[in-house]
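Topology and contacts: notes
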Amino acid sequence: MTAQPRPDRVPTGRFAPSPSGPLHAGSLLAALASFIDAKAQGGRWLLRFDDIDSDRSRADAVADICHCLAAHGLHHDGDVLFQSRRTPYYDAALDTLSRQNRLYGCACTRAALRERAERAGHSRYDRQCASRQFELDNHAVRVRVDDRLVQWWEGDAWSQERVRDTAGDFVLKRRDGVYAYQLAIVVDDSEDQVTTVTRGADLRDNTGRQVYLQHLLALSTPRYLHVPLVLGEDGRKLSKSNGAVAVDASRPLANLLAAWSRLNQSEPPNRIETVNGFLDWAGQNWQPALASDRHC
Ligand SMILES: [Zn+2]
């Protein structure tokens, strides 16, 4: 194992919410962590809307989220980015993989996959369609994975995964033509030259597949930091779909302090009374390794 990777470009973080509702405490926590991590390195912080799934996207949510971030002093660098405008880049990545002869069409229905996963006791794809030679159009598109071990910097240590043993051949594009999160995010983070991906711990399981795609597409692998989830009273992750309460933008400092404490960071001094005062102090006192959900 080698040392922590050093980015050879401007440190860049991003916050990538899906515009399906207003910010809740969990998404504010991810926004704060990615913002402070970028600013602590003197870098850029980008705002990108993961609006590729247009069924779940709401136009008013974009304005809401932008307003709420600004109220918390979390000002992004550059233009606001939208996944939905990136389809040509995803097409190009899929083309590259197709030319490498790594893709195949999959006709399995969700119900059939679920039933086979239950029988097998795991959800790794069983490659039932791998040799059927379905066309890629009008089918889900899967990438054939080999047995390579991929690794990435995770919070404060290296992580590794053999995707063939975990997810197996995974979906890059759904049957309805929508690109899967795995492909879109890898292309986006490369386009945006992101050096650290900071996001909620519920997304950690995707990392191996994403690093695998970075290998195939000859893209560099950013550092990853998965931060703790904020749980609702029912013990489940707060999410827009279970009706999490919107962050109250009229009390930004209190919200930021609560998020900071959940990130397992040292307590700020009492003299801090403003949002900007807090953000300046936080940038100087940020300890990313402590914010990893493995330590919280
Ligand atoms: Zn299949």
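Data block above holds the structure.
Residues numbered from 1 in each chain as written. Predicted model: local features only at pLDDT ≥ 70, side-chain atom pairs only at ≥ 80, totals over all residues.

Examining the pairing of strand β1 (residues 12–15)
- Neither face of β1 is open: one carries T12 and R14, the other G13 and F15, and all of them are buried.
- Looking at chain direction, β1 and strand β2 (residues 44–49) are connected through 4 bridges and run parallel. Of the residues in β2, the one forming a bridge with F15 is L47.
- The handedness of the β1 to β2 crossover, carried by helix α1 (residues 25–40), is right-handed. (Buried ≥ 20, exposed ≤ 12 C-beta atoms within 10 Å, placed from the backbone. Helix = DSSP H or I, 4+ residues; strand = E, 2+ residues; numbered from the N terminus. Pairing = 2+ DSSP bridges. Right-handed = clockwise from strand over helix to strand, strands pointing away.)

So, the environment of R6
- Along the chain, the position of R6 falls in the segment before β1.
- On the neighbour-count criterion, R6 (8 C-beta atoms within 10 Å) is exposed.
- Residues R6 and G43 lie 37 residues apart in sequence; the distance between their C-alpha atoms is 13 Å.

Here's the deal with the sheet that holds strand β5 (residues 140–143)
- Strand order across the open sheet formed by 3 strands is β4-β5-β8, with antiparallel pairing between neighbours. Every other strand in the sheet has two partners, leaving β4 (103–106) and β8 (170–173) as the edge strands with one partner each. Direction aside, the axes of adjacent strands within the sheet are offset by 45° on average. (Axes fitted to C-alpha atoms, helices over the stretch in contact; angles between N-to-C directions.)

Considerations on the packing of α1 against helix α8 (residues 252–262)
- As a packed pair, α1 and α8 sit with axes 9 Å apart at the nearest point and diverge in direction by 75°. For the element pair α1 / α8, the angle class is roughly perpendicular. Seen from α1, the contacting residues are L28, L29 and L32; seen from α8, they are N255, L256, A259, W260 and R262.
- For the contact of α1 with α8, the residue count by class is 6 nonpolar, 1 polar and 1 charged. (Parallel < 35°, antiparallel > 145°, perpendicular 65-115°, else oblique. Contact = placed C-beta atoms within 7 Å. Nonpolar A, V, L, I, M, F, W, Y, C, P; charged D, E, K, R; others polar.)

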